[in-house]
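Examination of the molecular architecture
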Amino acid sequence: MHIPSLGWWLPWLVLAPLGGAMVSPILAARSLKASRWFGALVLLGNFLLAVGLTPFAWNQGPLHYKFGGWAPPWGIEYVLDPVSAMMATLVAFFALIAYPGATLPREDQPQSNAASFQALYLLLSAGLIGIVLTGDLFNLYVFLEISSLSAYALVASGGDRGKVAAFRYLIIGSVAATFWVLGLGYLYALTGTLNMADMATRLPGVLGSRAAVAGLSFMVIGLLIKMALFPLHGWQPDAYSYAPAGAMPFISGVMAKVSAYALYRLLYDVFLKAGPAANALELLSWAAALSILAGSVLALGQRDVRRMLAYSSVAQIGYVILGMGIGNSFALTGAFLHIANHALMKGCAFAALGAFTARTGSSDVRALAGVAKIMPWTAAAFTIAALGIIGLPPMAGFFSKYYLLRGAVTAQAWPFVATFAISSLLSAIYFFRVIESLYLKEPEQTQQTHAVPGTLLMPAMVLAGLIIVFGVFNQRVIENFVPVIIAEEKS
Amino acid sequence: MNTRFLSLLAVLFMGSMLFYTAPSLPPVGDPESPASLHVSPYYIENSLSDMETPNLVTTVVTDYRGYDTMGETVVIMTAGLACLLILGFWTPKRRSAKKTHYQSFGSPILDTAARLLVPYILLFALYVLFHGHHSPGGGFQGGTLLAAGVILVRLVRGRDPGWGVDRDQATTLACLGALIYYGVGFVTMFFGNSFLNYSKLPIPVGEAARRSLGILGVEIGVTVAVAGTLILIFDCLHAAPGEETA
Amino acid sequence: MSSFFEIANYWAVAALLLIGLHGMLARPNLMRKLMAMNIFQVAVIIFYLSLSEKTGASTPVVPHGVLNPSAADFVNPLPHALMLTAIVVGVATTGVALALLVSIYRRYGTLEEPELLEKMREEAAG
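Residues numbered from 1 in each chain as written. Chains lettered and ligands numbered in written order. Predicted model: local features only at pLDDT ≥ 70, side-chain atom pairs only at ≥ 80, totals over all residues. Heavy atoms only, no water.

Brief notes about the side chain of Arg211 of chain B
Here Arg211 of chain B lies in helix H9 (residues 207-238). In this structure Arg211 of chain B comes out as buried when scored by relative accessible area, which is 5%. Those residues within four positions of Arg211 of chain B in sequence are excluded, and the remaining contacts are Gly68 and Trp70 of chain A together with Asp50, Met51, Asp63, Asn197, Tyr198 and Ser199 of chain B. (Helix = DSSP H or I, 4+ residues; strand = E, 2+ residues; numbered from the N terminus. Buried < 20%, exposed > 50% of the residue type's maximum accessible area, 1.4 Å probe, protein only. Contact = heavy atoms within 4.5 Å.)

Here it is in structure tokens:
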């Protein structure tokens, strides 16, 4: 037997949920409860492993792991550096926290449905962490597809309208992944390698080639579709509205962020911000600003709170991309801090909304009238999340917006400063409508009341608490959790 | 929003990108292109000595980039589970209910032809699997052929839910196949430091032979997973309306 | 810069990509969208396989008896391996898409997008 060294532990972040997903359906045939607990244990172990490995990634430099014993670029490798450590911990955390609510047994659900749902949930988390850890561009595609297929299926389990939404999501999502592979083909033709680090050494010689432009463009377009940046966001409102409410904190919290992370890796670590990547970053800043404004405006007109939150996500991912586009250390810190913060805030909002919907049977703004009286804590959680997205201190959202704003000011990008201000105002308007309905309106006669199980309420509380913690301790968070790009800035 | 107009815009944009950039790609067949010179010569020159396997695509797929292929097997399993989730399923307890009436799709000619062909199809599938080391073939091809044989019987005999494997067994096979692949990696993880490093398998033969056997092991896993999933997807798609709860 | 005929494969790939893209965006029938997506994916597969070509080289299987294969004699096996994965992923996606189409058809009775949206709107209003 071999004594495990540090690198030995790294692939388990993906292998554990992967193996769990393979075992889960077989276990579920015996006992659904056993497989549900098994899944929870796997995700808990995964989260603890991610937390445990993160300090090593910070202090000892990036951890590498080569699969099959083959050194890159002939084999595939996993890399854990501060950026991927933060993303992996984030995904593992959200997978864990949304799991009890997502896998809540429903009376009308056949047993095999519940079994496959649990397995697909585990596969989604394995796929997302796989994207985050990999150092190989084609391996990223494989895990992108694992996570995407699971997501299509999870959305489809949300009833009949979920199936139509899932089909649209599938077509658009597969096109996006195919764009990634197409672009990668161009880059492979130019460099002969698929490994990120190796490609970074070989690209500088061919950056002037038109094929490099094409390769980068297609890969970026694919990612933009996946993260639902305006105007490529068409699939998201339907998918977010009809997906099962329990899974939404996970899906809304991390899926788009992982694509944003992949974009960061591509532009900053593979292309090293050079050649077509520099132009891409500038174009992306403007596209992101457009997305921020469009998403906020479109959210205004929505009566269904789920759709409103979906359009809000379109705007918020714009913040992250704008931060990456501006590129100075404040903006990048703000971008990564916003990835973590928005995951918390949007996840909390969806978790609270899921509880409201379970209580009243509808997610329309008017149906939520007066719910704050029956569910005061959950309403408080939603309010905390809303205030965070608007950007009020001491909620975490304030601090990421502060850094982004500071980055824009440092770069003297005044249009972007204005964009931040306008969108904060707009988000205040549409969130205020919901909060007003929750607290100030009287419940309508037709409002139904169902019992809400505790597991559906728990994620909202935990996430709301974390929003405040992340806000109050934001300096600590930045030093230990958010990769401080100031130190590792590449010029 | 006129979809025709949008589509024209997208086609124009993408078309101009493609036509503008295609000439800067290396010519097709150029032996001096970066793709031919950088990573792949190692695969071509060393496959035989590293793992006693002449089929270069098999060695790249299952050994040098074996982790990708495990991901791919997981994708296949995911598709099977997704179809299960989407199209509903009867609860296992109801399985012992009366057998459904078969609506046969075939005629005596098809029936006889199937009886003659299917054994050879299944045998050929196993040949393709085991001979994947030496000729084009391997796990995916073998699994597809296995599924094709079973599905052929389904098509000819009608919705017979039991020939070969039934739906529950197909699900188990899909997961089992992925587990076999994963299991090989699991063993190497504990006997050495590398996931899917077949030279660390505890089999008393030379290193290249160990790699060759490791490749065979994962190929078997792939075959089982692919066959199980394709049969599962077919069965889900063709379940009679009374048999599923959507 | 390569000449027109040296990259003939890539023109074909471009044509297929555009056909697939147009089909997905313009066709109202969901099944046609799926088929167009398949064409799109196949185009990318052909693209990679064209990248692996070497003039005068043979299939990437070392014949019996050859002990020291030289890189120029065999076609690049890496894109073939990658495209094996891509084909399988395409099959998996198509399988899931077909399952969705079957369930949508059973529920709403149509696969034409305008009719489908109309039916969904009616049900939401009613």
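With respect to helix H19 (residues 454-472) of chain A
In an α-helix there are 3.6 residues to a turn, and that puts residues three or four apart on one side. Residues and elements named next belong to chain A. Taking 1.5 Å of rise per residue, the 19 residues of H19 would be expected to cover 27 Å, and the 27 Å separating its terminal C-alpha atoms lies within 8% of that figure. Those residues of H19 that fall on the buried side of the exposure criterion are Leu456, Pro459, Ala460, Leu463, Ala464, Ile467, Phe470 and Gly471. For H19, the angular spread of the buried residues around the axis is 130°, confining them to a single face. (Expected span 1.5 Å × (residues − 1). Arc of directions from axis to C-beta.)

Considering the state of the cysteines
Residue and element names in this part refer to chain B. Applying the stated criterion across every chain, the model contains zero disulfides over all chains. Between Cys175, a free cysteine, and Cys236, which holds the nearest cysteine sulfur, the sulfur-to-sulfur gap is 12 Å. The exposure class assigned to Cys175 is buried, which follows from its relative accessible area of 1%. (Disulfide = S-S within 2.5 Å.)

A few points about the interface of chain A and chain B
How big an interface is tends to be stated in terms of accessible area lost as the parts join. At the junction of the two partners, chain A supplies 67 residues and chain B supplies 57 residues. Summing both partners gives a buried area of about 5400 Å² for chain A against chain B, and 71% of it is carried by carbon and sulfur. Looking only at chain A, the three residues that lose the most surface to chain B are Met22, Trp70 and Trp74 of chain A, adding up to 15% of its buried area. For the pair chain A and chain B, the number of links is one salt bridge. Two residues, Arg65 of chain B and Asp136 of chain A, come together in a salt bridge whose shortest N-O distance is 2.8 Å. Counting the contacts that link chain A with chain B gives 15 residue pairs in polar contact (both at pLDDT 80 or more). Going through the elements one at a time, helix H2 (12-30), strand S1 (63-66), helix H5 (111-133), helix H6 (137-156), helix H7 (160-191), helix H8 (196-202) and helix H9 (210-227) of chain A are the ones with two or more residues in the side of chain A that touches chain B. With eleven residues, H2 of chain A is the single largest residue contributor to the side of chain A that touches chain B. Of the residues in the side of chain A that touches chain B, the class split is 43 nonpolar, 18 polar and six charged. (Buried area = accessible area lost by both parts, 1.4 Å probe. Salt bridge = Lys/Arg side-chain N within 4 Å of Asp/Glu carboxyl O. Polar contact = N/O pair within 3.5 Å; in protein donor to acceptor, adjacent residues only side chain to side chain. Nonpolar A, V, L, I, M, F, W, Y, C, P; charged D, E, K, R; others polar.)

A few points about the side chain of Lys257 of chain A
When you line up the elements, Lys257 of chain A lands in helix H11 (residues 248-270). Buried charge without a salt bridge: Lys257 of chain A, with Asp304 of chain A as the nearest opposite-charge side chain at an N-O distance of 18 Å. (Lys, Arg positive; Asp, Glu negative; His and termini not counted.)

Let's talk about unusual backbone geometry
Residue and element names in this part refer to chain A. A cis geometry characterises the amide bond from Pro72 onward to Pro73, with omega recorded as 5°. Position of Pro73 among the secondary structure elements: in the loop between S1 and strand S2 (77-80). Cis geometry marks the peptide bond from Phe230 to Pro231; its omega dihedral reads 0°. Here Pro231 is to be found in the loop between H9 and helix H10 (236-242). Here the phi dihedral of Leu272 falls at roughly 55°; this positive angle occurs in a residue that is not glycine. Positionally, Leu272 belongs in the loop between H11 and helix H12 (276-300).

Here's the deal with a nonpolar patch on the surface
Residues and elements named next belong to chain B. Nonpolar side chains collect at one region of the surface, where Leu123, Leu126, Phe130, Leu176, Ile180 and Ile220 lie side by side and expose about 490 Å² of accessible area between them. Where the nonpolar patch is concerned, the elements lending two or more residues are helix H6 (108-130) and helix H8 (167-191). It is H6 that contributes the most residues to the nonpolar patch, three residues altogether. Relative to the helices and strands, Leu176 resides in helix H8. (Patch = residues over 30% accessible without salt bridge, like charges linked within 9 Å, V, L, I, M, F, W, Y side chains within 5 Å. Areas by Shrake-Rupley, 256 points an atom, 1.4 Å probe, with all protein chains shown as cover.)

Details of the interface of chain C and chain A
Listed by partner, the interface residues are 36 residues for chain C and 28 residues for chain A. Ranking the residues of chain C by area buried against chain A places Tyr48, Leu100 and Met120 of chain C at the top, with a combined share of 18%. Inspection of the chain C/chain A interface yields one salt bridge. Between Asp160 of chain A and Arg107 of chain C there is a salt bridge, with its nearest N and O atoms 2.6 Å apart. Applying the counting rule to chain C against chain A returns five residue pairs in polar contact (both at pLDDT 80 or more). Elements with a contribution of two residues or more to the side of chain C that touches chain A: helix H1 (8-26), helix H2 (30-51), helix H3 (77-108) and helix H4 (113-125) of chain C. Considering every element that reaches the side of chain C that touches chain A, the biggest residue donor is H3 of chain C, with 17 residues. Partitioning the side of chain C that touches chain A into residue classes produces 27 nonpolar, five polar and four charged.

Side note on the packing of aromatic side chains
Taken as a whole, this structure holds 44 aromatic pairs over all chains when the rule is applied. Ring centres 5.3 Å apart and planes at 65° place the aromatic pair Tyr99 of chain A and Tyr121 of chain A in the edge-to-face group. Here Tyr99 of chain A, found in helix H4 (residues 82-102), pairs with Tyr121 of chain A, found in helix H5; they are 22 residues apart in sequence, far enough to count as distant. We classify Tyr99 of chain A as buried; its relative accessible area is 2%. Both rings, one in Tyr186 of chain A and one in Phe47 of chain C, keep their centres 5.2 Å apart while their planes meet at 50°; by these two values the pair is tilted. On the criterion of chain membership, the pair formed by Tyr186 of chain A in helix H7 and Phe47 of chain C in helix H2 is interchain, its members lying in two chains. (Phe/Tyr/Trp six-rings, centres within 6.5 Å; stacked < 30°, edge-to-face > 60°.)

Side note on the packing of H2 of chain A against H5 of chain A
Residues and elements named next belong to chain A. Between H2 and H5, whose axes approach to 8 Å, the crossing angle comes to 170°. Classed by the angle they form, the pair H2 and H5 counts as roughly antiparallel. Contacts from Leu13, Val14, Pro17, Leu18, Gly20, Ala21, Ser24, Pro25, Ala28 and Ala29 in H2 reach Gln111, Ala115, Gln118, Ala119, Leu122, Leu123, Ser125, Ala126, Ile129, Gly130 and Leu133 in H5. Its residues assigned to classes, the contact of H2 with H5 comprises 15 nonpolar, six polar and no charged. (Axes fitted to C-alpha atoms, helices over the stretch in contact; angles between N-to-C directions. Parallel < 35°, antiparallel > 145°, perpendicular 65-115°, else oblique.)

Describing the nonpolar core
One finds Phe94, Met227, Phe250 and Phe356 of chain A together with Met14, Tyr67 and Phe195 of chain B to be the most contacted residues of the largest nonpolar core, which totals 297 residues. With residues up to four places along the chain from it excluded, the contact list for Met227 of chain A reads Gln236, Ala256, Ser259, Ala260, Leu263, Ile317 and Ile321 of chain A. (Core = buried A, V, L, I, M, F, W, Y, C linked by side-chain atoms within 4.5 Å.)

Observations concerning the confidence of the model for chain B
Residue and element names in this part refer to chain B. Taken as a whole, chain B shows an average pLDDT of 85; of its residues, 88% reach a score of 70 or greater. This stretch, residues 90-98, has a pLDDT under 50; its non-local contacts, to residues over four places away or in other chains, come to twelve contacts. Here the prediction assigns the complex a pTM of 0.94, and the interface score ipTM is 0.95. (pLDDT = per-residue confidence, 0-100.)

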